[in-house]
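# Understanding the architecture of this molecule
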Amino acid sequence: MRRAVCPGSFDPVTNGHLDIIGRASRLFDEVIVGVLINESKRGLFTIDERLDMLREVISSYDNVRVASFRGLLVDFCRAQQAKVVVRGLRAVSDFDYELQMAQMNIGLAGVETLFMPTSPAYSFLSSSLVKDVAKWGGDVSPHVPDVVRERLRERLRRPGS
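The sections below set out a description of the structure shown in this document. (Residues numbered from 1 in each chain as written. Predicted model: local features only at pLDDT ≥ 70, side-chain atom pairs only at ≥ 80, totals over all residues. Heavy atoms only, no water.)

### Thoughts on helix 4 (residues 92–109)
The criterion, for reference: A helix here means a DSSP run of H or I that spans at least four residues, while a strand means a run of E at least two residues long, and both kinds are numbered starting from the N terminus. Every helix has an expected span of 1.5 Å times one less than the residues it contains. Each residue's exposure class comes from its accessible area (1.4 Å probe, protein chains only) as a fraction of the maximum for that residue type: buried when under 20%, exposed when over 50%, partly exposed otherwise. Note on contacts: a residue pair qualifies if any of its non-hydrogen atoms lie within 4.5 Å across the two residues.
Taking 1.5 Å per residue as the helical rise, helix 4 with its 18 residues ought to reach 26 Å, and the 26 Å between its terminal C-alpha atoms agrees with that figure. All of the buried residues in helix 4 are Asp94, Glu98, Ala102 and Asn105. For helix 4, the elements touching its buried residues are helix 3 (73–80), strand 4 (84–89) and strand 5 (112–117). Following helix 4 by one or two positions, Gly110 adopts a phi angle in the positive range, close to 70°.

This is how it looks when you write it as structure tokens:
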């Protein structure tokens, strides 16, 4: 079975993430969306909330599942019996960091990395940017699934609004 991992923090999941996940689902028999638990960073959404949102928005894919992990990505890949990591690249600046990670992953555990260019419609999109726009009341509906937009609205609701 050809199995791949799409890792990230997904705080929150965006349409750009879903584009990469969906495209990966057509290339692999199974795709595991790995949500990193990073205790040193406080996310807007808890791990459980991120997992719930992801499960809801990937429910139409029969070969995609969601799991959380701590520690090294290669250890998660080993535990999931996945030999490939799929990473979306938005810009050349992403490549420098991702290449270093890919080389480390192959050296540590023989885990390959497939770089997938992000669709042009999502080349500027990041979870951080979505959170900033939502925080100031901007319309993020073109950039995130409806469930995420609603959860952002609830979480970032300002008193008196």
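### Brief notes about the pattern of salt bridges
When their charged atoms lie close together, side chains carrying opposite charge are able to pair. Cut-off, in case you're wondering: Whenever a carboxyl oxygen of Asp or Glu lies within 4 Å of a side-chain nitrogen of Lys or Arg, that contact is scored as a salt bridge.
With the rule as written, the count across this model stands at 14 salt bridges. Residue Asp19 is joined to Arg23 by a salt bridge in which the shortest nitrogen-to-oxygen separation is 2.9 Å. Of this pair, Asp19 and Arg23 both sit in helix 1 (residues 15–27), separated by four residues, roughly a single helical turn. Counted as one network, the salt bridges with shared partners bring together Asp146, Arg149, Glu150 and Arg153.

### Some points on the side chain of Asn15
The cut-off we apply is this: In protein, a polar contact requires one atom able to donate a hydrogen and another able to accept it; more generally it is a pair of N or O atoms within 3.5 Å, and residues adjacent in sequence count only if both atoms are side-chain atoms.
Secondary-structure assignment places Asn15 in helix 1. From its side chain, Asn15 meets the backbone oxygen of Pro142 in a polar contact 3.1 Å long.

### Remarks on a nonpolar patch on the surface
Test applied: The patch calculation keeps residues exceeding 30% relative accessible area without a salt bridge and links them within 9 Å when they carry like charges or within 5 Å when they are nonpolar (Val, Leu, Ile, Met, Phe, Trp, Tyr). Computed with the Shrake-Rupley method and a 1.4 Å probe, the accessible areas treat only the protein chains shown as cover for residues.
A surface patch of nonpolar side chains, about 290 Å² in accessible area, is lined by Leu72, Met104 and Leu108. Tracing the chain through its elements places Leu72 in the loop between strand 3 (64–69) and helix 3. Look at Leu72 and you get partly exposed, because its relative accessible area is 47%.

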